[in-house]
Amino acid sequence: MFSANFRVRGNAALRFEVAFEEAVHEMKAILDAAAAEERATHAYHNRTGDLEASTFASDIIEDGDAREVQLGARTEYAQYVNDRGLMRIDDLARRAEVDVRAVFEGLAKKI
């Protein structure tokens, strides 16, 4: 399995909780879009359909005041295919990181 994790910590102040959760849902939407783009634009021959179908953005994982979304692919050979440059998931993860950072920087400016 190959994955990139995005983890952020929220402000415990109640008045910012709603804005934080909205930002987390924006983070999830960004990762969903990255997974969809990987499925649509990869360079590997999709013989079985398994790798493409296993490409995912996870549900939001809650851990105390932290939220995490994972981007990856769940086949045993995903890393092999990625290492050969046939997946775009590394580039998409880097771009998603920039976009997620911008969302939370915008939240920080509101605070």
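Above this text is the structure in question.
In this text the structure is predicted, and so the values were computed from the model without any measurement.

Is there a simple way to explain the overall build of the chain in this structure?
Scanning the chain for helices and strands turns up four helices and four strands. Mapped from its N terminus to its C terminus, the chain presents α and β elements in the order β-α-α-β-β-β-α-α. The buried share of the chain, reckoned over its 111 residues, is 41%. Element-wise, carbon and sulfur atoms account for 49% of the exposed surface of the chain, whose accessible area totals about 6600 Å².

It is not clear to me how the pairing of strand β4 (residues 66-73) should be interpreted in this structure. Could you clarify?
For a regular strand, the rule is simple: side chains alternate between the two faces of the sheet. Within β4, eight of the eight residues are buried, leaving the element largely enclosed by the surrounding structure. Of the two faces of β4, the one holding Ala66, Glu68, Gln70 and Gly72 and the one holding Arg67, Val69, Leu71 and Ala73 are both buried throughout. In this structure, strand β2 (residues 55-57) lies alongside β4, joined through three bridges in antiparallel fashion. Bridging across to β4, Ala57 finds its partner in Leu71. Direction of pairing for strand β3 (residues 61-63) relative to β4: antiparallel, over a ladder of three bridges. For Asp63, the partnering residue across the bridge sits in β4 and is Ala66. As consecutive antiparallel partners, β3 and β4 are separated by two residues, and within that stretch Gly64 has a phi angle of approximately 65°, a positive value.

Please explain helix α4 (residues 89-110) as it appears in this structure.
Because each turn of an α-helix spans 3.6 residues, side chains separated by three or four positions end up pointing in the same direction. Taking 1.5 Å per residue, 22 residues should reach 32 Å; α4 reaches 31 Å between its end C-alpha atoms and fits that length. Regarding α4, the residues found buried are Ile89, Leu92, Ala93, Ala96, Val100, Val103, Phe104 and Leu107. Viewed end-on, α4 has its buried residues packed into an arc of 100°, placing them on one side of the element. Away from its buried face, by an angle of more than 90 degrees, α4 presents the exposed residues Val98 and Lys109.

I tried to follow the nonpolar core on my own but got confused; where do I start?
Here is a general trend for soluble globular proteins: nonpolar side chains tend to be buried in one another's company. Met27, Leu31, Leu51, Leu71, Met87 and Phe104 are the most contacted members of the largest nonpolar core, which totals 24 residues. Every element with two or more residues in this core is listed here: α1 (14-41), β4, α3 (78-83) and α4. When residues in this core are grouped by element, the largest group, eight residues, is from α4.

Would you mind showing me how to read the pattern of salt bridges here?
Side-chain pairs of opposite charge can arise whenever the charged atoms involved come near each other. Going through the model one piece at a time under the given rule, you end up with seven salt bridges. Note that Arg94 and Asp91 form a salt bridge whose closest N and O atoms lie 2.5 Å from each other. A residue pair is termed a helical-turn pair when its members lie 3 or 4 positions apart in one helix, as Arg94 and Asp91 do in helix α4 at three residues. In this structure Arg94 comes out as partly exposed when scored by relative accessible area, which is 48%. With a closest N to O distance of 2.9 Å, Glu97 and Arg101 form a salt bridge. Placement of the pair is Glu97 and Arg101 together in helix α4, with a separation of four residues, close to one helical turn. Here Glu97 falls in the partly exposed class, since its relative accessible area comes to 36%.

Procedures and definitions
Residues numbered from 1 in each chain as written. Predicted model: local features only at pLDDT ≥ 70, side-chain atom pairs only at ≥ 80, totals over all residues. Heavy atoms only, no water. Helix = DSSP H or I, 4+ residues; strand = E, 2+ residues; numbered from the N terminus. Buried < 20%, exposed > 50% of the residue type's maximum accessible area, 1.4 Å probe, protein only. Areas by Shrake-Rupley, 256 points an atom, 1.4 Å probe, with all protein chains shown as cover. Pairing = 2+ DSSP bridges. Expected span 1.5 Å × (residues − 1). Arc of directions from axis to C-beta. Core = buried A, V, L, I, M, F, W, Y, C linked by side-chain atoms within 4.5 Å. Salt bridge = Lys/Arg side-chain N within 4 Å of Asp/Glu carboxyl O.

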